[in-house]
Structures are given as structure tokens and as C-alpha cells.
Amino acid sequence: MVSMSTAPKIWTRETGLVEKRDVWTAMKRGFRSRCPRCGEGKLFRAFLKTADNCSVCGLDFTPHRADDLPAYLVIVIVGHIVVPAVLWIETNYTTPVWISFAAYLPFTFVASLALLQPVKGAVVGMQWALRMHGFDDNPTDGIPPV
């Protein structure tokens, strides 16, 4: 049987001092594929593979859990750009189907690829700034690593 400690936590000035993390700054740095903490080191070692840690400040990137969120966000962003443009062009001009496919599909593909890495960087930056997953300085005891 595990006994729980009932000793009250004593909050002091030192326990309240934690690294201040601005969400927007971290997301902007991540969008530029830079370390969300220092803004100097590279966030990615390959197109969508994050580095193990920052080469400048040493921040560990392994706890991030971006999963499929960047892909969903890119679909929403590109969809909100492409769909209104297609609707406007198709209602105001008569274009042959082959020209439509030759224009819309490559643009959608290139825009999606161009946004995928920056959006993933912004998601990792947001996770770091909000101390999500393993980015907390003092992880909770008793929770096994993923």
C-alpha cells in the first residue's frame, strides 16, 4: 500500500520563479524553424524531423507531440485560400477543366508543402511555451513517459 504525504506545500518566492515563456514569441520562432527558447538554434534536422536538442541553448525537443495537428492546420489554411479563389474564378470566368486542374492542383500541393514545416514549428513552439507534455521543468511524478 502506498502512503500519501499530507505535508502541506510551502510556497516561497523561489518556488514561484519559473522561466517566463511567451506563447506568441515561441510560436513565431518555431514558425521560422528556430528554437522556441533562444530563437537561434535549428528546430529541424530534416524536413519534418525535429532535432534532438537545440545546438545553442540545449533545449530538449524530444518531448514534443505535434502528431497530426500541423497537417490539419495546413489543410484548413490552404483550404481557406484555395476554395474562395476557385469559387471566385469559376463564377466570374469560364475556364476549361484542364486549365483549372493545371492551376489549382499544383498551387494547392506547393502551398501545403511550403506551410507544413513552419506550422509544425509553431505547434512545437506553442507546446514549449505552454509547458505541455515533457516541456515542463518539473514533470509530474508517477506519469510514465510516452
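Note that the coordinates shown come from a computational prediction; the quantities given were computed from them, not determined experimentally. (Residues numbered from 1 in each chain as written. Predicted model: local features only at pLDDT ≥ 70, side-chain atom pairs only at ≥ 80, totals over all residues. Heavy atoms only, no water.)

## Details of a nonpolar patch on the surface
- Taken together, the side chains of L69, Y72, L73, I75, I77, I81 and F107 define a hydrophobic patch exposed on the protein surface, amounting to about 660 Å² of accessible area.
- The element that contributes the greatest number of residues to the nonpolar patch is helix 3 (residues 69-92), accounting for six residues.
- With respect to the element layout, F107 can be found in helix 4 (residues 97-129). (Patch = residues over 30% accessible without salt bridge, like charges linked within 9 Å, V, L, I, M, F, W, Y side chains within 5 Å. Areas by Shrake-Rupley, 256 points an atom, 1.4 Å probe, with all protein chains shown as cover. Salt bridge = Lys/Arg side-chain N within 4 Å of Asp/Glu carboxyl O. Helix = DSSP H or I, 4+ residues; strand = E, 2+ residues; numbered from the N terminus.)

## Considering the UniProt feature "transmembrane region" (unreviewed entry) in the chain
- UniProt records the feature "transmembrane region" (unreviewed entry) at residues 69-89 and 95-116, using the numbering of this structure.
- End C-alpha to end C-alpha, residues 69-89 measures 30 Å, and it is 100% helix and 0% strand.
- Taken end to end, residues 95-116 is 91% helix and 0% strand, and its two terminal C-alpha atoms sit 30 Å from one another. (UniProt positions renumbered as here; feature names shortened; annotations may be inferred.)

## Points about the state of the cysteines
- This structure, assessed with the given rule, holds zero disulfides.
- Summary of cysteine pairing: C35 is not part of a disulfide, and the nearest cysteine sulfur, belonging to C57, is at 3.6 Å. (Disulfide = S-S within 2.5 Å.)

## Describing the nonpolar core
- In this structure, A26, C35, L43, F44, A51, C54, L59, F61, V124, W128, A129 and F135 together form the largest nonpolar core, which totals 12 residues.
- In terms of residue count, helix 4 provides more of this core than any other element does, three residues in total.
- With residues near it in sequence (within four places) discarded, A26 still touches P36, G125, W128 and A129.
- Counting six residues, the second-largest nonpolar core is a separate cluster that includes V74, V78, A111 and L116. (Core = buried A, V, L, I, M, F, W, Y, C linked by side-chain atoms within 4.5 Å. Buried < 20%, exposed > 50% of the residue type's maximum accessible area, 1.4 Å probe, protein only. Contact = heavy atoms within 4.5 Å.)

## Regarding the side chain of S33
- Note on placement: S33 falls in the loop between helix 2 (23-31) and helix 3.
- With residues up to four places along the chain from it excluded, the contact list for S33 reads G41, K42, L43, F44 and Q117.

## Points about the side chain of S100
- Mapped onto the fold, S100 is located in helix 4.
- By relative accessible area, S100 is classed as buried at 11%.
- A distance of 3.0 Å separates polar atoms of two side chains, one belonging to S100 and the other to E90.
- A polar contact of 3.1 Å, which involves the side chain of S100, links it to the side chain of T95.
- Residues in contact with S100, not counting those within four places in the same chain, are E90, T95 and L105. (Polar contact = N/O pair within 3.5 Å; in protein donor to acceptor, adjacent residues only side chain to side chain.)

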